[in-house]
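Here is how the chains run, residue by residue.
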Amino acid sequence: MKIIMLGAPGAGKGTQAKMIAEQYAIPHISTGDIFRANIKNGTDLGMEAKKYMDQGLLVPDELTVRILLDRVAKDDCRDGYVLDGFPRTIPQAQVLDKALEEIEDKIDFAIDVDVPDENIIKRMGGRRSCSKCGAIYHLEYIPPETEGICDGCQGELVLRDDDKPETVKNRLDVYHKQTQPLIDFYEKKGILKTVDGTQNMKDVFAAIVAILG
Ligand code: AP5
Ligand code: MG
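So, here's what we can say about the structure.

### Structural notes on the site of ligand 1
What surrounds ligand 1 is a group of 37 residues, the closest being Thr15, Leu57, Arg88, Arg127 and Arg171. Between Thr31 and ligand 1, the recorded distance is 2.7 Å, taken from a side-chain N or O atom to a nitrogen atom. Side-chain polar atom of Arg127 to an oxygen atom of ligand 1: 2.6 Å apart, as the coordinates give it. Coverage of ligand 1 by the protein amounts to 97% of the 1,000 Å² it exposes when considered alone. Elements with a contribution of two residues or more to the shell around ligand 1: helix H1 (13–24), helix H2 (31–40), helix H6 (117–126), strand E6 (136–138) and helix H9 (201–212).

### Examining the packing of H2 against helix H3 (residues 44–53)
Interaxial distance between H2 and H3 falls to 8 Å at its minimum, and their mutual angle equals 120°. In this structure, H2 crosses over H3, and the sense of that crossing is left-handed. Within the contact between the two elements, H2 uses Gly32, Phe35, Arg36, Asn38 and Ile39 and H3 uses Leu45, Gly46, Ala49, Lys50 and Met53. Considered class by class, the residues forming the contact of H2 with H3 number five nonpolar, three polar and two charged.

### Quick look at the pairing of strand E4 (residues 109–114)
With five of six residues buried, E4 lies mostly within the body of the structure. In this sheet, E4 lies alongside strand E1 (residues 2–6) in parallel orientation, the contact comprising four bridges. What sits directly across from Met5, in E4, is Ile111. Judged from the five bridges that link them, E4 and strand E8 (residues 192–196) form a sheet pairing that is parallel. Looking at E8, one finds that Ile111 is bridged to Lys193.

### Side note on unusual backbone geometry
The residue after Phe86, namely Pro87, is reached through a cis peptide bond having omega -5°. For Glu104, which is not glycine, the phi dihedral falls at a positive 50°. Along the chain, Glu104 turns up in the loop between helix H5 (90–102) and E4. In this structure, Gln154 is a non-glycine residue whose phi angle is positive, near 65°. Within the secondary structure layout, Gln154 lies in the loop between E6 and strand E7 (157–158).

What counts and what doesn't
- Throughout this description, residue numbers start from 1 for each chain and increase along the sequence as written.
- Here chains are named by letter from A upward and ligands by number from 1 upward, in the order in which they appear as written.
- Only residues with pLDDT of at least 70 get local features here, since the model is predicted, and only at 80 or more are side-chain atom pairs given and counted; chain-wide, interface and lining totals rely on the full set of residues.
- Only hydrogens and water are set aside when side-chain values are computed; all heavy atoms of the structure are taken into account.
- Note on terminology: near, applied to a residue and a molecule or strand, indicates that one of the residue's heavy atoms is within 4 Å of it.
- The definition of a polar contact used here is a pair of N or O atoms within 3.5 Å, where within protein one atom must be able to donate a hydrogen and the other to accept one, and adjacent residues in sequence count solely through side-chain atom pairs.
- All accessibility values rest on the Shrake-Rupley procedure with a 1.4 Å probe; residue burial counts only the protein chains present in the view.
- We count a stretch as a helix when DSSP gives it H or I for four or more residues in a row; a strand needs E for two or more, and each element gets its number in order from the N terminus.
- Every angle, taken between N-to-C directions, lies between 0 and 180 degrees, and every axis is a line fitted to C-alpha atoms, over only the stretch in contact when it is a helix.
- Helix crossings are classified by the rotation of the near helix relative to the far one: an anticlockwise turn of less than a right angle makes the crossing left-handed, while a clockwise turn makes it right-handed.
- Every residue pair with non-hydrogen atoms within 4.5 Å of one another is taken to be in contact.
- The nonpolar class holds Ala, Val, Leu, Ile, Met, Phe, Trp, Tyr, Cys and Pro. Asp, Glu, Lys and Arg form the charged class, and all remaining residues, Gly among them, are polar.
- Only protein chains enter the accessibility calculation, which uses a 1.4 Å probe. A residue is then buried if its area is under 20% of the maximum for its type, exposed if over 50%, and partly exposed in between.
- Two strands qualify as a pair provided DSSP detects at least 2 bridges between them.

Spelled out as structure tokens, the structure:
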């Protein structure tokens, strides 16, 4: 099963994609996580991506598409995957479609996690991510058992660099201009499914499982 997660920054794509990946035993592929891992390791790709991410802008399509196509060509993707944060522009979606057509394949579902901008701002300020395993928490909604420490791996919980309020605002603007048109794009293909992302994370997940079967 090949799934795309759509939704604004902070809508809960990463939170849900992780649960989908576990339930359906498919890899969770987040272009944002790939970029952040490269930044942490100080690679050339990381340095290039950071220039854009710190401003809340999209990393150029050319670079992003190359990384994503390399990743989905790996063996563990043969039975499917859940893409989180890709595609984010119409050209990215077209390149993915073309690459899949070449191997007589296609995306099965594009799931839009729908959350209004007002809720997003509140979610971002409270998000904490594990610096070791990437698990996602929220100070108010999904708190860890011990403040500042990951429940799973005991890693340190940190605020993401791009979660500062002014950068969040830019990311939302970029989302509305460049990414939201993908909702129409997948609607026209007949594979768009919308879930109400303002519910608690278990109810959002139940709605997604009802769609995926
Ligand atoms: P990326 O890492 O993809 O960030 P994003 O799209 O801005 O989304 P987020 O990860 O911020 O939010 P999310 O939807 O995953 O929400 P989460 O589950 O964490 O991209 C970062 C940057 O990388 C981009 O700005 C761009 O520069 C670059 N980039 C990445 N991909 C690219 C691409 N394809 N092309 C070009 N550039 C690209 O949840 C948010 C918070 O809410 C958490 O605290 C969570 O605990 C909480 N929460 C989740 N669900 C619920 C719920 N139901 N109720 C209450 N709280 C909840
Ligand atoms: Mg995410």
